[in-house]
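Chain and residue survey
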Amino acid sequence: MIARAAALGLLLVVAALLETVVFAEIAVAGYVPAVVVLTVVGVALADGPEPGGIYGFVAGLLMDLLGGGLVGLSALVMLTTGFAVGAARPYLTGPPLGIHVVVGGLAAASATLAYGVLLFLLEPAEITWSALGQGSAITGLYSAAVAPFAVRATIMLARSVEGQTVGSSS
């Protein structure tokens, strides 16, 4: 359990660095792929809704602390994203690559949109609807392009370390 938590924690730190440092240099129209959300998708697809939600909460909290915005907003969005993807897992059929691309892109776009809507409700002057729509679309498409790598790597890591899920108590 400790080795798995450490491995997923290291993955989370690497994903956050990729998103905030590396991809910031190759942003498309100012938007970067949601690499951290893609790792949440990977854990949710590998382990299900509860572990996906737990990992999503931790991932969102890290991004909130790194971003300097409202603490808890990303945590709420990623918790919901991880739980929803994990709950949808039994109903996803098709080739894994296609599932990773579609679910990763939709999850990134949805998380961006949800974060923007919540931010608008809390601080209306901070965001416009056109920017939110554009940001969600670009982030979703860019994330879909990165998803085959990020989601697959996360699933492989989640399944290889100790064989236990994030939320297991043993």
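To start, this report covers the structure provided alongside it. (Residues numbered from 1 in each chain as written. Predicted model: local features only at pLDDT ≥ 70, side-chain atom pairs only at ≥ 80, totals over all residues. Heavy atoms only, no water.)

So, about the packing of helix H2 (residues 35-47) against helix H6 (residues 129-160). Packed helices, taken two at a time, are described by their axes: the angle between them and the distance between them. Where H2 contacts H6, the two axes come as close as 8 Å, and the packing angle between them is 45 degrees. Here H2 lies oblique to H6, going by the angle between them. Pair H2 / H6 crosses with right-handed handedness. Here Leu38, Thr39, Val41, Gly42, Val43, Leu45, Ala46 and Asp47 of H2 lie close against H6, whose contacting residues are Ser143, Val146, Ala147, Ala150, Val151, Thr154, Ile155, Ala158 and Arg159. Residues belonging to the contact of H2 with H6 are distributed by class as follows: eleven nonpolar, four polar and two charged. (Axes fitted to C-alpha atoms, helices over the stretch in contact; angles between N-to-C directions. Helix = DSSP H or I, 4+ residues; strand = E, 2+ residues; numbered from the N terminus. Parallel < 35°, antiparallel > 145°, perpendicular 65-115°, else oblique. Left-handed = near helix turned anticlockwise from the far one by under 90°. Contact = heavy atoms within 4.5 Å. Nonpolar A, V, L, I, M, F, W, Y, C, P; charged D, E, K, R; others polar.)

Inspection of every chain in the model, using the stated rule, returns one salt bridge. Its salt-bridge partner being Arg4, residue Asp47 comes within 2.2 Å of it at the nearest N-O pair. A residue pair is termed long-range when its members are at least 10 positions apart, and Asp47 in helix H2 and Arg4 in helix H1 (residues 2-22) qualify at 43 residues. Accessibility classification places Asp47 together with Arg4 in one group, the buried group. (Salt bridge = Lys/Arg side-chain N within 4 Å of Asp/Glu carboxyl O. Buried < 20%, exposed > 50% of the residue type's maximum accessible area, 1.4 Å probe, protein only.)

Let us now look at the layout of surface pockets. Space inside the largest pocket adds up to approximately 720 Å³. Taken together, 30 residues make up the lining of the largest pocket; nearest its centre are Glu19, Met63, Ser74, Thr112 and Tyr115. Those elements that place two or more of their residues in the lining of the largest pocket are H1, helix H3 (49-67), helix H4 (73-88), helix H5 (96-122) and H6. No other element matches H5, which puts six residues into the lining of the largest pocket. Here the residues of the lining of the largest pocket sort into 17 nonpolar, ten polar and three charged. The volume enclosed by the second largest pocket comes to roughly 180 Å³. Leu45, Arg89, Leu92, Pro96, Ile99, His100, Arg152, Ile155, Met156 and Arg159 together form the lining of the second largest pocket. Secondary-structure elements contributing two or more residues to the lining of the second largest pocket are H5 and H6. When residues in the lining of the second largest pocket are grouped by element, the largest group, four residues, is from H6. (1 Å grid on protein atoms, 1.4 Å probe; cavity = no way out; pocket = protein on both sides within 12 Å on 5 of 7 lines; lining within 4 Å. Points joined across faces, edges and corners; volume = space filled by probe spheres on them.)

Once that is clear, we can look at the packing of H2 against H5. Relative to each other, H2 and H5 sit at 125 degrees, their axes nearing to 9 Å. With respect to H5, the axis of H2 lies oblique. Like other packed secondary-structure pairs, H2 and H5 cross with a definite hand, here right-handed. Residues Val37, Leu38, Val41 and Leu45 of H2 form the contact with H5, whose own contacting residues are Ile99, His100, Val103, Gly104, Ala107, Ala108 and Ala111.

The subject of this paragraph is the side chain of Ser143. As for its position among the elements, Ser143 is in helix H6. Here Ser143 falls in the buried class, since its relative accessible area comes to 0%. When sequence neighbours within four positions are dropped, the list of residues in contact with Ser143 reads Pro33, Ala34, Leu38, Gly104 and Ala108.

In this structure, Ala29 takes a positive phi of about 55 degrees despite not being glycine. Counting through the fold element by element, Ala29 comes out in the loop between H1 and H2.

With that settled, consider the packing of aromatic side chains. Per the stated rule, a full pass over the model turns up two aromatic pairs. Look at Phe23 and Tyr142: their rings are 6.0 Å apart centre to centre, the planes differ by 85 degrees, and that puts the pair in the edge-to-face class. Here Phe23 is found in the loop between H1 and H2, whereas its partner Tyr142 is found in helix H6, with 119 residues between them in sequence. Ring centres of Phe120 and Trp129 lie 4.7 Å apart, and the angle between their planes is 50 degrees; on these two criteria the pair is classed as tilted. (Phe/Tyr/Trp six-rings, centres within 6.5 Å; stacked < 30°, edge-to-face > 60°.)

All quantities given are derived from atomic positions and should not be read as evidence of function.
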